[in-house]
Amino acid sequence: MSKNNMSDTLTWLKTAPGLSIVISIVVAVAATIDAGPYLLVNMVVTGGMLALVATGLTLMLGVLNIPMFAHGEYFMIGSLTAYYIFTPISGFIMEHPDSWLVTFGPFIAILGALIGGAIAGAISEKLVFGPLRRRSTDNWVMNSFLLTVGVSVLLVNLHQLIFGADFKGIVGYWQGMPISIAGAYISLDRALAFVISAVIVVLFYLFMTYTRTGMAIRAVSQDITGAEIVGIDIEKIVMLTISLACALAGVAGGSLLFMYPSYPTVGLEPLYMAWFVVILSGLGNILGAVAGAFMVALLKVITMEYVGAGWDFVVPSALIMLILIFKPSGIFGSDVRGVLDK
Amino acid sequence: MEPTTNDLNMNLFDRALDRLCLTPIGLAGLILLLLLPFIPPFNQEYMLRWLIYCGFVAAMSVGFDFTAGYINIVNFGYMAVAGTGGYTSALLVINAGLSPWIAMLAGGVSSAVLGLIIGMISLRLRGIFAACLSWFFGLAVMGLAIKMVWLTRGPLGLRTPRLFETESNVPFYFLIIILVYLTYLICKWVVRSKMGLAFQAIAQNMDAARTSGINPIFYRVFNFTMSCAIAGVLGGFYAHFYGILTPDMMHTSKTVEILAVAYIGGRGSLWGGAVVAFPFIFLMEIVRSTLSHLPGLNLVIYALVLILVMIYYPGGFSYFYDTHIRQPKNRALRYFLNGREAKI
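This structure is a prediction, so every number in the text was calculated from the model and none was measured. (Residues numbered from 1 in each chain as written. Chains lettered and ligands numbered in written order. Predicted model: local features only at pLDDT ≥ 70, side-chain atom pairs only at ≥ 80, totals over all residues. Heavy atoms only, no water.)

*Asks:* What's the story with the overall build of chain B in this structure? I'm lost.
*Replies:* Check the secondary structure of chain B and you find 16 helices and two strands. Its C-alpha atoms give chain B principal-axis dimensions of roughly 65 × 55 × 40 Å. For chain B, the residues scored as buried account for 55% of the 344 residues in total. Long-range pairs, those at least 24 residues apart, make up 74% of the contacts in chain B with a sequence separation of at least 6. (Helix = DSSP H or I, 4+ residues; strand = E, 2+ residues; numbered from the N terminus. Buried < 20%, exposed > 50% of the residue type's maximum accessible area, 1.4 Å probe, protein only. Contact = heavy atoms within 4.5 Å.)

This is the structure we're talking about:
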């Protein structure tokens, strides 16, 4: 039995996912030994955030076949909501340093970001994607992509128009001593942001795998007609999927408010990075997206460390173009087909 | 171009118009555009600057539509390709002392090479992946332009000599109108030839096209290379008109601007984007400058128009024109709108 397992593992190691995961782990370890553990910590925090955004993007692509260009803007909405919720709370904390809000206030803000993202997603489904779907689904992928381009420009400029273009940021969510792990100091905010993203990704995975609604979403992503036959309300599932995907982006924006202050185009960087992840890991593959998120984070951190800041677009995009050339379906492939573009 | 069957029953004027891919209304529009700098509200320098920008967007949208409308691939790094042409041209003028006119063509060549590369490597990819690939390519090129400070001076901007040694914008305006028309003419010639049929066949159904003996590799790469070459020349114009070149011009948001105009104009029409660009971009510039206390309002309108057009009127302006305006009862008016039509 164990021998069989061994050979299975060996075969897996020779496939593209196995190879790339092993290479990333080796590179991560080597870089950590060379430059210090802070590199690993950075990678893990960035990767956790990216996993959230990329999972939402994957969901949109896998289930609804919408190549979301506006996903970064839901990140921006999340961070904006969190900012406007947390500012009065932090004022209150200043006056009452002993209240329970010191610990739980940030959670309220992050929860607000989640809800804000979900509401924004639902509104855009009602006003934008729903009408397009009802009118026509020919050439759906390209049309919906261009539509999200419009949504992105609209949201960025609405932010600028209503809230102004200045940086709306906070110093930090939780005061307190940084935690020390293996000689690297991590601030409480970063550690908790990672914990939050990890918890949400795990919850999301469990939701998709074990609940009836999650199964319905997956059923719709595999075969929309079959799903309709067994009595799944497609409109409801579509609405739920979009709000879920946008909520994931929103919560990422909310929990990272201390790193990315809210301003109109804050969503661009997470968007690019999430697209890298999605292309790398293949469309519609949630576990692949999580693994891909850490790989892209590693790539980014290593580029910043060894090549220099500012090159973190050039090197990853060059690598991802190489991957696209040789393996157009991404490293982890994807067995989930889209609905509207056959 | 081979002679068409209706050449025989046309007079010289009609035949010339047909060869130049114009209808009488198109010719009238072109003449109006050429007269515009002498008509009072438009003869001020700042208005001319806006009009030149309109012309730039118009020409770019024609080149963009050549790819997006005919082989159905959205080149999401289009401004980055144009920026490559602009930087090549500017660097050649500054470092090698070339005349800006020749350098502009060299910029076109460099962009064509870039387009050839993108076209080759995106061959295996379907619609959205090809768009993503060109997008990432654009991002990478922009990143290079920002970081290669020793060559491009990065975000500080590269000072470039202007094409004409005058303060006036009028010669630039005439040049860009000629460029808009030339871009349209070249694209239209290609589209009217057998190649255009092949493009449409590939866009509609790749497998069916292949069965009919069309080699999709050649046509896709050719289309991509040509539209990128156009972008390169226009990028050279941009560089030598504004006199300063920053990596900002390669940004995705600029491509989105071109894309919006091309789609509002109507995809697959070539002329739609060029016609829409002038009033649309001009109005946007007016909104931007008069309501300057509301920054971003013009882009909000922009995005709203794009969204509404995408949802409710995907054919854009050219579809509207073809269905509602083009077929009036009056014969003279009909001639004016359509030119001499083939007798059946």
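*Asks:* Sorry if this is basic, but what is going on with the confidence of the model for chain B here?
*Replies:* Close inspection of predicted coordinates is inappropriate in any region flagged by low pLDDT. Per-residue confidence for chain B gives a mean pLDDT of 81; residues scoring 70 or more make up 94%. Here helix H16 (residues 331-338) of chain B stands out as the least confident element of chain B, with mean pLDDT 74; helix H4 (residues 78-96) of chain B is the most confident, with 88. (pLDDT = per-residue confidence, 0-100.)

*Asks:* Sorry if this is basic, but what is going on with the pattern of salt bridges here?
*Replies:* Oppositely charged side chains can pair when the atoms bearing their charge come close. All names here are of chain A. If you walk through the whole model with that rule in mind, you get six salt bridges over all chains. When the shortest N-O distance is used, the salt bridge between Arg133 and Glu125 registers 2.8 Å. Judged on exposure class, the residue Arg133 and its partner Glu125 are both buried. The salt bridge partner of Lys300 is Glu269, with a shortest N-O separation of 2.4 Å. Placement of the pair is Lys300 in helix H12 (residues 286-306) and Glu269 in helix H11 (residues 268-281), with a sequence separation of 31 residues. When salt bridges that share partners are traced, they join Glu125, Arg133, Arg134 and Glu235 into one network. (Salt bridge = Lys/Arg side-chain N within 4 Å of Asp/Glu carboxyl O.)

*Asks:* Can you help me understand the packing of aromatic side chains in this one?
*Replies:* This structure, assessed with the given rule, holds 35 aromatic pairs over all chains. Grouped by ring-pair contacts, the aromatic residues Phe69, Phe145, Tyr272, Trp275 and Phe276 of chain A together with Phe76, Trp135 and Phe136 of chain B constitute a single cluster. (Phe/Tyr/Trp six-rings, centres within 6.5 Å; stacked < 30°, edge-to-face > 60°.)

*Asks:* Can you help me understand the interface of chain B and chain A in this one?
*Replies:* Many descriptions give the size of an interface as the accessible area lost when the pieces come together. Taken together, the contact pairs 41 residues of chain B with 42 residues of chain A. Across the chain B to chain A interface the summed buried area is about 3,800 Å²; carbon plus sulfur atoms make up 80%. Per-residue buried area on chain B facing chain A is highest for Ile128, Phe136 and Ile311 of chain B; these three make up 16% of the total on that side. Connecting chain B to chain A are zero salt bridges. If you tally residues by element for the side of chain B that touches chain A, the top one is helix H6 (residues 127-147) of chain B, at 14 residues. (Buried area = accessible area lost by both parts, 1.4 Å probe.)

*Asks:* What's the story with the packing of helix H7 (residues 188-210) of chain A against H12 of chain A in this structure? I'm lost.
*Replies:* Helix-helix packing is described using two parameters, namely the angle between the two axes and the distance between the axes. All names here are of chain A. Taken N-terminus to C-terminus, the directions of H7 and H12 make an angle of 160°; their axes are 11 Å apart at the nearest point. As judged from the angle between their axes, H7 and H12 are roughly antiparallel. Crossing of H7 against H12: the hand is left-handed. Together, Phe194, Val201, Phe204, Tyr205 and Met208 of H7 and Ile286, Leu287, Val290 and Phe294 of H12 make up the contact between the two elements. Grouping the constituent residues of the contact of H7 with H12 by class yields nine nonpolar, no polar and no charged. (Axes fitted to C-alpha atoms, helices over the stretch in contact; angles between N-to-C directions. Parallel < 35°, antiparallel > 145°, perpendicular 65-115°, else oblique. Left-handed = near helix turned anticlockwise from the far one by under 90°. Nonpolar A, V, L, I, M, F, W, Y, C, P; charged D, E, K, R; others polar.)

*Asks:* Before we go on, may I ask you to explain the packing of helix H5 (residues 101-135) of chain A against helix H6 (residues 140-163) of chain A in this structure?
*Replies:* Residues and elements named next belong to chain A. Taken N-terminus to C-terminus, the directions of H5 and H6 make an angle of 155°; their axes are 11 Å apart at the nearest point. Put simply, H5 runs roughly antiparallel to H6. Crossing of H5 against H6: the hand is right-handed. The residues of H6 that touch H5, namely those facing Val128, Phe129, Leu132 and Arg133, are Trp140, Asn143, Ser144, Leu147, Thr148 and Val151. Residues belonging to the contact of H5 with H6 are distributed by class as follows: six nonpolar, three polar and one charged.

*Asks:* Any chance you could explain empty space enclosed by the protein here in plain terms?
*Replies:* Over the atoms rolls a probe the size of a water molecule, and its path tells where empty space is left. Evaluation of the coordinates by the stated rule reveals three cavities of 30 Å³ or more. What the largest cavity holds in volume is close to 40 Å³. Forming the boundary of the largest cavity are Phe76, Gly77, Ala80, Trp135, Gly138, Leu139, Met142, Met250, His251, Thr252 and Thr255 of chain B. Of all the secondary structure elements, the ones that give two or more residues to the lining of the largest cavity are H6 and helix H12 (252-265) of chain B. Broken down by element, the lining of the largest cavity gets its largest block of residues, four residues, from H6 of chain B. Taken as a whole, the second largest cavity encloses approximately 40 Å³ of empty space. The wall of the second largest cavity is formed by Val45, Gly48, Met49, Ala193, Phe194, Ser197, Ser255 and Leu256 of chain A. Contributions of two or more residues to the lining of the second largest cavity are made by helix H3 (38-64) and H7 of chain A. (1 Å grid on protein atoms, 1.4 Å probe; cavity = no way out; pocket = protein on both sides within 12 Å on 5 of 7 lines; lining within 4 Å. Points joined across faces, edges and corners; volume = space filled by probe spheres on them.)

*Asks:* In this structure, what is going on with unusual backbone geometry? I would like to understand it.
*Replies:* When glycine is set aside, most residues are seen to have a negative phi, and most peptide bonds are trans. A positive phi angle is found at Asn65 of chain A, which is not glycine, with a value near 60°. Located in the positive-phi region is Leu270 of chain B, a residue other than glycine, with phi close to 65°. Mapping Leu270 of chain B onto the fold places it in the loop between H12 and helix H13 (271-290).

*Asks:* Explain H7 of chain A here, please?
*Replies:* Note that an α-helix has 3.6 residues per turn; residues three or four places apart therefore point the same way. Its 23 residues place the ends of H7 of chain A 32 Å apart at the C-alpha level, agreeing with the 33 Å of an ideal helix rising 1.5 Å per residue. Here H7 of chain A has its buried residues at Asp189, Ala191, Ala193, Ile196, Ser197, Ile200, Val201, Phe204 and Met208 of chain A. (Expected span 1.5 Å × (residues − 1).)

*Asks:* What is the right way to read a nonpolar patch on the surface from this model?
*Replies:* Residue and element names in this part refer to chain A. Taken together, Val195, Val199, Val202, Leu203, Tyr205, Leu206, Tyr210 and Leu287 make up a surface patch of nonpolar side chains, about 770 Å² in accessible area. Among the elements that make up the nonpolar patch, the one with the highest residue count is H7 (seven residues). Topologically, Leu206 is positioned in helix H7. Using a relative accessible area of 38% as the deciding quantity, one classes Leu206 as partly exposed. (Patch = residues over 30% accessible without salt bridge, like charges linked within 9 Å, V, L, I, M, F, W, Y side chains within 5 Å. Areas by Shrake-Rupley, 256 points an atom, 1.4 Å probe, with all protein chains shown as cover.)

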